[in-house]
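One letter stands for each residue in the lines below.
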Amino acid sequence: MNSSSSYHLPCDLTSALNLLSEHSDSAKIVAGGQSIMLLLRQGFLSSDIFIDISDISELSEISIQGGAIHVGAATTYTSLENSLEIQPYSVLLDSLHVIADPQIRNLGTIGGALGHADPSLDIVPPLLCLDANVVVQSLNATRAIPLSDFHQEYMTADLSKDELIHSITFNQPTGIHGGAYEKVANVEGGWPTVGVAAQVKLGENIDSFLDVKIALAAVGDTAIRSYSVEKSLIGSEISMDSIRESSKLVCNDIDPLDDLSGSAGYKTHLAGVLCQRALVKAINRAGGSL
Amino acid sequence: MNITFELNGKIISAEVSPHQPLRDILRSQFDLTGVKVGCHSGRCGVCSVLLDGKVIKSCLLMAPKANGRSITTIEGLSINGELHPVQQSFKDNFALQCGYCTPGFIMATVDYLSSSPSNPPVRDEIKTAIKGNVCRCTGYEKIISAVSNAITSSESL
């Protein structure tokens, strides 16, 4: 069975990039490897050359530089959840707490998730709300791509064959802010039927929205921002009525499918309800009241 | 490829392919059949083992990833025939029916106990800690009691 397959465990980034450059036509980057294991078992992936980046220490680092936080691609969900640097980001913490289960979080990585580009990943909407950038690297170049552009279509990331994800970066929110992620799944720890992240920045009297970001999982080919909801709230006064009315506008930005987890109509309704809940929680966390 | 790793306290070597999950190696090459086979997709948790002390699902671990690491299965928990305190707690609390899911639940509990759980135990926290494991006999109440008692008695150790 696959006698020609090879598995590399480089200890430094340069070795990994060299290997990738040499085998760019057939190599697969492995971080936690859980999604790859499933794809191999199901016959969707036929790669024989694997480059495992989990022994490269610089890819598992979390650091703060100049007001921006940098998370190495091979950082596991568990390390991220436990890191002091992440504790102020409630929108991200909420999602980390509801990703699958302890076993999956101990192996699963943030870079692996972003490279996999599944539209149902819980980690993506919070990162969209934080305006995250994905730093990708090849032997010759480094690029920083806004996450909103990185996921181009269904399970397709803007990643060339000789590039790997190095890290994810985002700025620390300023001013009076709060965030939350709300999800409904068929089973505890399951993939979201719909997931909604909200990040708000409030005016100094804590009664109006200076900025709002809404992003959703599992409602289209990629995770997506809801600019309709955002536009209708930015600049307005905080009220339950405006949140309720604006949340309905989420239907303008999403395109869910009928599947086993629910009909498109149900998911559209659910997206509106979860949008309201995420906004209310985000406002409360920012110190606002309703 | 040949890998070397620590398995239940012993350094061993094994011939593995990246296409094989560690679970298959543990069962077929080392007869560690306490590592069970269930859903093949990371949902049921019966194949849970410890990787460097952290619980993972061995059906989702590409076998070469074990290289240079430490793996503990249910067979590696007891010392000189004496049950591990978590095993003893499952026994004392009748926390098994058919027993198929038990090794996975125990491995998840061992990891949970090493992560400073709330003491006195918090029911919701326990449920979150074991949510990656499924008991098809639905014997969750006794499992939660076993985990809870394991936490309380670990205090007195």
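Numbering of residues starts from 1 in every chain and runs along the sequence as written. By the order in which they are written, chains take letters starting at A while ligands take numbers starting at 1. Given that the model is predicted, a residue must reach a pLDDT of at least 70 before its local features are reported, and side-chain atom pairs must reach 80 or more before they are shown or counted; all residues, however, enter totals for whole chains, interfaces and linings.

**Focus on the overall build of chain A**
Link 1 in the chain: A run of DSSP states H or I qualifies as a helix once it reaches four residues; a run of E qualifies as a strand once it reaches two. Both are numbered from the N-terminal end. Each helix and strand counted, chain A has eleven helices and 14 strands in total.
Link 2 in the chain: Here chain A has a C-alpha radius of gyration of 19 Å; the compact-globule value for 290 residues is 19 Å, and the two agree.
Link 3 in the chain: Principal-axis analysis of the C-alpha atoms places the extent of chain A at approximately 65 × 45 × 30 Å.
Link 4 in the chain: Taking all 290 residues of chain A together, the buried fraction comes to 49%.
Link 5 in the chain: Note that contacts rest on C-beta atoms placed from the backbone: two residues are in contact if these are within 7 Å. Long-range contacts, defined here as pairs at least 24 residues apart, represent 66% of the contacts in chain A between residues at least 6 apart. Radius of gyration here is computed from C-alpha atoms only, and the compact-globule reference equals 2.2 Å multiplied by the residue count raised to the power 0.38. Partly exposed residues are those falling between the two cut-offs: more than 12 but fewer than 20 other C-beta atoms within 10 Å of their own, whereas 20 or more means buried and 12 or fewer means exposed, with C-beta atoms placed from the backbone.

**Some words on the domain arrangement of chain B**
Where interface size is given, it is often the accessible area lost as the parts come together that is meant.
Residues and elements named next belong to chain B.
Link 1 in the chain: Note that domain bounds follow an automatic or database assignment of domains. Structurally, chain B comprises domain 1 (2-74) and domain 2 (85-155).
Link 2 in the chain: Its C-alpha centre places domain 1 at a distance of 21 Å from the equivalent point of domain 2.
Link 3 in the chain: Taken residue by residue, the interface counts 14 residues in domain 1 and 13 residues in domain 2.
Link 4 in the chain: Those elements that provide at least two residues to the side of domain 1 that touches domain 2 are β3 (48-51) and β4 (54-57).

**Examining the domain arrangement of chain A**
Link 1 in the chain: Domain assignment breaks chain A into domain 1 (6-52), domain 2 (59-171) and domain 3 (176-285).
Link 2 in the chain: Using C-alpha coordinates to define each centre, domain 1 of chain A is positioned 36 Å away from domain 3 of chain A.

**Examining the interface of chain A and chain B**
Link 1 in the chain: Counting residues at the interface gives 24 residues for chain A and 25 residues for chain B.
Link 2 in the chain: Put simply, the parts of the chain that give the side of chain A that touches chain B at least two residues each are α2 (34-42), β3 (49-52) and α5 (102-107) of chain A.
Link 3 in the chain: Considering every element that reaches the side of chain A that touches chain B, the biggest residue donor is α2 of chain A, with six residues.
Link 4 in the chain: Residues are grouped as follows: Ala, Val, Leu, Ile, Met, Phe, Trp, Tyr, Cys and Pro are nonpolar; Asp, Glu, Lys and Arg are charged; every other residue, Gly included, is polar. Looking at the side of chain A that touches chain B, its residues break down into 13 nonpolar, seven polar and four charged.

**Brief notes about the pairing of strand β10 (residues 164-171) of chain A**
Residues and elements named next belong to chain A.
Link 1 in the chain: Most of β10 sits inside the fold, with six of its eight residues counted as buried.
Link 2 in the chain: In the sheet, strand β5 (residues 68-72) pairs with β10 via five bridges, with the strands oriented antiparallel. Across the sheet, residue I69 finds its bridge partner in β10, namely F170.
Link 3 in the chain: We call two strands paired when DSSP finds no fewer than two bridges between them. Pairing analysis gives five bridges linking strand β6 (residues 133-137) to β10, with the strands arranged antiparallel.

**Re the sheet that holds β3 of chain A**
All names here are of chain A.
Link 1 in the chain: One open sheet accounts for three strands, arranged β1-β3-β2; its pairing is parallel. Strand pairing shows two members of the sheet lacking a second neighbour, β1 (6-8) and β2 (27-30), which therefore form its edges. Here the average twist between neighbouring strands, direction ignored, is 20 degrees.
Link 2 in the chain: As paired elements, β1 and β3 share three bridges and run parallel to each other. Bridge pairing links S6 to I49 in β3.
Link 3 in the chain: Fitted lines through C-alpha atoms give the axes, limited to the stretch in contact for helices. The angle between two N-to-C directions lies from 0 to 180 degrees. This element, helix α1 (residues 13-22), spans β1, β2 and β3 of the sheet and lies at about 160 degrees to β3.

**Digging into helix α2 (residues 85-92) of chain B**
The periodicity of an α-helix, 3.6 residues per turn, causes residues three or four places apart in sequence to face the same way.
Residue and element names in this part refer to chain B.
Link 1 in the chain: Turning to α2, its buried residues number three or more, namely V86, Q87, S89 and F90. Buried positions in α2, seen along its axis, are confined to an arc of 160 degrees and lie on one side of it.
Link 2 in the chain: Positive phi shows up at F94, right after α2, with a value of about 50 degrees. Summarising the geometry, the arc corresponds to the directions from the helix axis toward the C-beta atoms.

**A look at the sheet that holds strand β11 (residues 176-185) of chain A**
Backbone-to-backbone hydrogen bonds join strands into a sheet, with any given pair of strands oriented parallel or antiparallel.
Residues and elements named next belong to chain A.
Link 1 in the chain: If you trace the four strands from one edge of the open sheet to the other, you get β11-β12-β13-β14, paired in antiparallel fashion. Each edge of the sheet is formed by a strand with only one pairing partner; in this case those strands are β11 and β14 (224-225).
Link 2 in the chain: Pairing geometry for strand β12 (residues 192-202) and strand β13 (residues 209-217), over eight bridges, is antiparallel. Residue pairing across strands places Q199 opposite K213, the latter belonging to β13.
Link 3 in the chain: Against the sheet, helix α4 (residues 90-98) contacts β11 and β12, and its axis sits at roughly 20 degrees relative to β11.
Link 4 in the chain: Each of β11, β12 and β13 is contacted by helix α11 (residues 264-285), which is oriented at about 35 degrees to β12, the strand it contacts most.

**Some remarks on the pairing of strand β1 (residues 2-7) of chain B**
Residue and element names in this part refer to chain B.
Link 1 in the chain: Of the two faces of β1, only one is covered, namely that formed by I3, F5 and L7; the face formed by N2, T4 and E6 stays uncovered.
Link 2 in the chain: Summarising the sheet, β1 and strand β2 (residues 10-15) pair through six bridges and their orientation is antiparallel. By the bridge assignment, E6 is partnered in β2 with I11.
Link 3 in the chain: Count of turn residues in the β1/β2 antiparallel hairpin: two residues, of which N8 carries a positive phi of about 50 degrees.

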